[in-house]
Each structure stands twice: as structure tokens, then as C-alpha cells.
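Here's the letter readout for the chains.
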Amino acid sequence: MNIVSPFVTPVIDIICRLWSYSAVRSSYLCDLKQNLNVLESSFMKLKERRDDVKEMVHIPESNPTDSWLATKSIKNGGKYFCCWGGKIFCSGYKLGKVVVEKLNDADKLWNEGVFQVLVTISQPDVVREISVYQALGMDQMIDEVWSLLVDEQSSVRIIGLYGMGGVGKTTLLKKLNNEFLKRSHHFDLVIWVVVSKDLNIKTVQKQIGKSIGLTWGDQTNIDDRAKDITQVLTNKKFALFLDDIWDRVDLQKVWIAYVKITNQELTKKSRVVFTTRSEFVCGLMQADEIVKVNCMDWDKSWRLFQQNVGQRVLSSHNVTELAEKVAKECLGLPLALIAIGQTMACKKTVQEWQHAVTVLQKSASEFQGMVDEVFAILKFSYDSLQNEKLKSCFLCCSLYPDDYSIRRVELIRLWIGEGFLDEVDDIDEAYNEGHDVIESLKSACLLESGNDRNGNEVKMHDVIRDLALWIFSDLGRKKGNYLTIQAQNKLKLHEWEKAVKISLVNNRPIKELIGAPNCLNLSTLLLHGSKA
């Protein structure tokens, strides 16, 4: 058995190989009809995919579809359908072999024909209406900005709208967008983009693409997207609205056409309007016109507050006078007027309204919805301050009472005493740095001009001051470590035990002290303007 085995094994191997070879070859003939049907079906599917790819590709540059579209293997294979039965010398075996080869080619082409979406184009609308909350008292500002937009002779090409958080900048921009549906204009396209705090160029491009009828696959890079946007916007007159900018948006990265357009050409063609909380950002964006969006005056504030509370509550209960006190605590800030108004819409008793006034005056952060709907939004401005020095100086401003006009020199001296401006040796330079800090905080809309017409005073908006107090108390987790006391006749000294900073600025005469002070944590005590 051992002698025969070396001879038998090769023979068996040869037989197996011949059998496999014969089986494959015989399948050419046996499966010919079935393979022809499959090949015909594959051919039709490939034609459909080819047509789809042709519709996708519109840019006359080299791309991965070129070589695939140019392939003629399957097209050449079609000759065999025409010849079948017509060429007698073409044996069934040979035809069967070719059909199998073409099937393999079809499978290969099908797999190679799976592409990421490059870019697709659709016909864009000139302008899309945006849902917007009914705003009060913006007509004059809308007319002012509109005149800058449509004046083709104007040298203004980039317009910056800035103001504190919640003042109505986005509402103004949305209403400007919708004005294009009502008024005559010369623009071909109106483009709306929400930028937000974390700038992402691809996201900006995606929103521009949506407005002008372009969509891309995720793999399309920034430069290719910019070329596509350039191709569409070339020779177009467009108005680009950029909402909620926190830093410079490099339009050269967003679309290449911007690089090639001179200031004069852009002036004739298009406009860019953006909103931001920082006047400094307006400078970074090289705005030709800067418009500050201010808080509402009392009449408009009261109307907006009434609108959100509802006449049912205000007319059916004797709370109008208290409601006015609540509205005045918002100091014309639409964000606060809307949030607080909606919260009070279900308050029906005088006692509830009296309690609301007390809470807003004593500790606004404890008012229902104030933290989530107001402070959380405003805090972005604080978080965006450049360094801890600016943040510390900002929080320190809240030591002064509501609506208190602070002398610049007095505020800078406080900052020096707190050690916030101790990086310079020269006192004059410290004062210069202090003025620079003040201007930075004003630019961020966290401070505003005071009552002095010469610009020697600044003050905090009441809601911004409430924000600062909330932040200093570790977002409400450490209450009592920061006190600004407006005493009538008595001081409760036992309330000072946890305090780190106490302000009695501009206080009324104190006639009685209740308890003995035990201020182990106290680092700052302000008595400016207090009377004994």
C-alpha cells in the first residue's frame, strides 16, 4: 500500500483538476441562457447608475467619476446580444465564456461606481421667509438698515449690528430678511447663516449652500466647497446675513469669490450684515457701518410685557401697578421681558405679584425661569471675555447698586486695590490699563455709559448685574458670600458671616446695628457714599 500511494495521489490530483476545469467550462454552455439574462439586467442597472452619476457631476474638473463614466467594457459587450444567433462561427462555449467575463466586469464596475456625493444643484429661492417673534418698536431701525442695504451708490458694504445678549439683534436680522418679500430690491439672492459661538467653516458653507441650491457629501473639503459657492455667486448680487458672530469669520475661506472681489465691486453687487454682542468683533469684520441695538424704552417695554402676560390676568385682577414694577426690573431687555412676562401669565393674586417684585429685587436668580431662560443665555458674553482679569473686573462692578453710575477713576482704584491690575509697576500705566478694561467690557455690552455726558462714568444694566451676582455666588451654590446692602435704618450683621465682599455704597443713614459682625472671610468692604 505504501508502494502504490506515491503513484495514486498524483493521478487523483490530476483527475480532480481535470474535473474542476471541465465543470467550469461546461458551465459556460449550461448556464449560458441564465447568464445572458443576468448580464442584460446588470447592463440596464449600470446604465441607470451612469445616468445618475452624470446628473450629479456638474463641475468640469477631474474627479473620480471620469474614468468610470468612460469605461466601455459593458457597451462593447452589447455586441454579443446583437450577434447572438447571427454569427454561426461563434460557438456556444466561446460565447458562454465571454458572457461570464462580462458578468465579472459588470460586478467590478458596479462596485467601482459607488461614489460619495460630490455636489448637487437645485434652483434656489431668492429669499426664504423666516419665522420671527412679533417685535415692537423696530420699524425705525429696520428702515435705517434697509436704506443702507438697497442704496447701490452707498460705499457701505458690510454692516455690523451689535448689542447685549437678548436685546433683539437676531429678531431685527430676521425681520430684515423677511422685508425682501415685501419691498422691491436689486438682489438676486438673500442668504441666511447662523454662525454661533463655535465657528465651523463647513457648517457656514453648508448653510450658504442650502440658500443657493448646493449640497455636498461629508467628504467634500472646504476648498472644493468654496469653489462651488464661487461658481454660483459669480456675477450675482446677494445679501449675506450672518447671525450670532463671536469672532472674525474669514470670508476668504468660506468662498473664494470673496478674495477676487474688490471693495468697489462688492459695493456695487452685494452686502454683508451680521449680528454680534461685541463692538470689537465689528472691527474684526471690517464693518463699514456699525449700528448698536439698544434696549427698549419704557412704553415699548410695557407693551411687550403686557403682550406676554396677557390682558386676561392684567384686566381681571388688581395687579397692574405691581406688574409695572416687575416690568421695570427688566430695564427694557426684551429677553427678560418675555421670559418673566410668560412666567407671570398664570399668576392671579396680588400676593403672587408682590412676591415676584421682592424676589426680583432681592435675588433675581431665584425667580422661576430666570437662570435657564435669561442668565444661561447672557452668560455666554461673560464666558467669552478674553481672560480672567476681565472676568474679575466685570464681577467687581456688581458691588455697586442697581442703575448706579460709577466714576471711572473710582472703579479703576477698586480694581487696583483688589489686585486685578498689579502686573504693571507704574500707576499711570495701571490707570491706562483700567480704562482699556472698561472699554473692553463696554465693547462686550457688559458695561454701558453712565449718566455723565463727558463719558467719565459707566454703569451695569440691572439684568447684567443680576447675572454677575449669580456668577459670583458660584451659579447660586454659594449664597451670601457677596452682599450689596441697601439698608433703611438697620443692619443685620449676622448676615455678614459668610460674606467675602460687602458693599454699602450710597447707603442711607444707619441708625441701628443688630448683632456683632463676625466676618472671617471678608476681603472687601465698600462704604463710598454711605452716611452715618
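Anything mentioned here points back to the structure above.
Keep in mind it's a predicted model, so treat the numbers as computed, not measured.

K.L.:
What is the right way to read the environment of Cys346 from this model?
P.N.:
Structurally, Cys346 is set in the loop between helix 18 (334–343) and helix 19 (350–362). Given a relative accessible area of 51%, Cys346 falls into the exposed group. Sequence spacing of Cys346 and Gly310 is 36 residues, and the spatial spacing of their C-alpha atoms is 9.2 Å.

K.L.:
Just checking my understanding: could you explain the environment of Val254 for this structure?
P.N.:
Tracing the chain through its elements places Val254 in helix 11 (residues 251–254). Under the relative-accessibility criterion, Val254 is labelled buried at 1%. On a C-alpha basis, the gap between Val254 and Ile208 in space is 9.0 Å, while along the polypeptide they are 46 residues apart. Excluding anything up to four places from it in sequence, Val254 contacts Ile201, Val204, Gln205, Ile208, Ala226, Ile229 and Val249.

K.L.:
Please explain the pattern of salt bridges as it appears in this structure.
P.N.:
Note on pairing: side chains with opposite charge can pair once their charged atoms come close. Enumeration according to the criterion identifies 13 salt bridges in this entry. Salt-bridge contacts for Lys389 lead to Glu433; the nearest nitrogen and oxygen are separated by 2.3 Å. Taken together, the residues span a long stretch of sequence, with Lys389 in helix 21 (residues 388–396) and Glu433 in helix 23 (residues 427–443) at a distance of 44 residues. Each of the two residues, Lys389 as well as Glu433, counts as buried. A salt bridge links Lys501 to Glu418; the nearest nitrogen and oxygen atoms lie 2.9 Å apart. Taken together, the residues span a long stretch of sequence, with Lys501 in strand 13 (residues 501–503) and Glu418 in helix 22 (residues 408–418) at a distance of 83 residues. Through salt bridges with shared partners, a single ionic network connects Asp143, Glu179, Lys182 and Arg183.

K.L.:
Whenever I open this one, the packing of aromatic side chains confuses me. Can you help?
P.N.:
Any two aromatic rings considered together are summarised by their centre-to-centre distance and by the angle between their planes. Scanning all chains against the criterion turns up 11 aromatic pairs. Ring geometry for Trp302 against Phe305: centres 6.1 Å apart, planes inclined by 20°, an arrangement best described as stacked. Placement of both Trp302 and Phe305 in helix 15 (residues 298–309) is noted, with a separation of 3 residues, approximately one turn of the helix. You can call Trp302 buried: its relative accessible area is 13%.

K.L.:
Please explain the sheet that holds strand 9 (residues 448–449) as it appears in this structure.
P.N.:
Sheets are built from strands that pair by backbone hydrogen bonding, the pairs being arranged parallel or antiparallel. If you trace the 3 strands from one edge of the open sheet to the other, you get 8-10-9, paired in antiparallel fashion. A strand with exactly one partner marks an edge of an open sheet, and here the two such strands are strand 8 (406–407) and strand 9. As defined by bridge partners, strand 8 adjoins strand 10 (residues 457–459) across 2 bridges and the pair is classed as antiparallel. Residue pairing in the sheet places Arg407 in a bridge with Glu457 of strand 10.

K.L.:
Honestly, helix 20 (residues 370–383) in this entry has me stumped. Any pointers?
P.N.:
An α-helix turns once every 3.6 residues. As a result, residues three or four positions apart point the same way. Between the first and last C-alpha of helix 20 there are 18 Å, a value that for 14 residues agrees with the 20 Å anticipated at 1.5 Å per step. Along helix 20, the helix axis deviates most sharply at Ala376, where the bend reaches about 35°. Within helix 20, burial applies to Met370, Val374, Phe375, Leu378, Lys379, Ser381 and Tyr382. Its buried side turned inward, helix 20 meets helix 18, helix 21 and helix 24 (462–472).

K.L.:
What is the right way to read helix 18 from this model?
P.N.:
Taken across its 10 residues, helix 18 has 8 buried, putting it largely inside the fold. If you follow the buried residues of helix 18, they end up packed against helix 15, helix 17 (320–328), helix 19, helix 20 and helix 24.

K.L.:
Would you mind going over the side chain of Glu179 with me for this structure?
P.N.:
Within the element layout of this structure, Glu179 appears in helix 8 (residues 169–179). The exposure class of Glu179 is buried, given its relative accessible area of 10%. Discounting residues that sit within four places of it in the chain, Glu179 has contacts with Ile142 and Trp146.

About the criteria used
- Residues numbered from 1 in each chain as written.
- Predicted model: local features only at pLDDT ≥ 70, side-chain atom pairs only at ≥ 80, totals over all residues.
- Heavy atoms only, no water.
- Helix = DSSP H or I, 4+ residues; strand = E, 2+ residues; numbered from the N terminus.
- Buried < 20%, exposed > 50% of the residue type's maximum accessible area, 1.4 Å probe, protein only.
- Contact = heavy atoms within 4.5 Å.
- Salt bridge = Lys/Arg side-chain N within 4 Å of Asp/Glu carboxyl O.
- Phe/Tyr/Trp six-rings, centres within 6.5 Å; stacked < 30°, edge-to-face > 60°.
- Pairing = 2+ DSSP bridges.
- Expected span 1.5 Å × (residues − 1).
- Bend = angle between axes of the 7 residues up to and from the residue.

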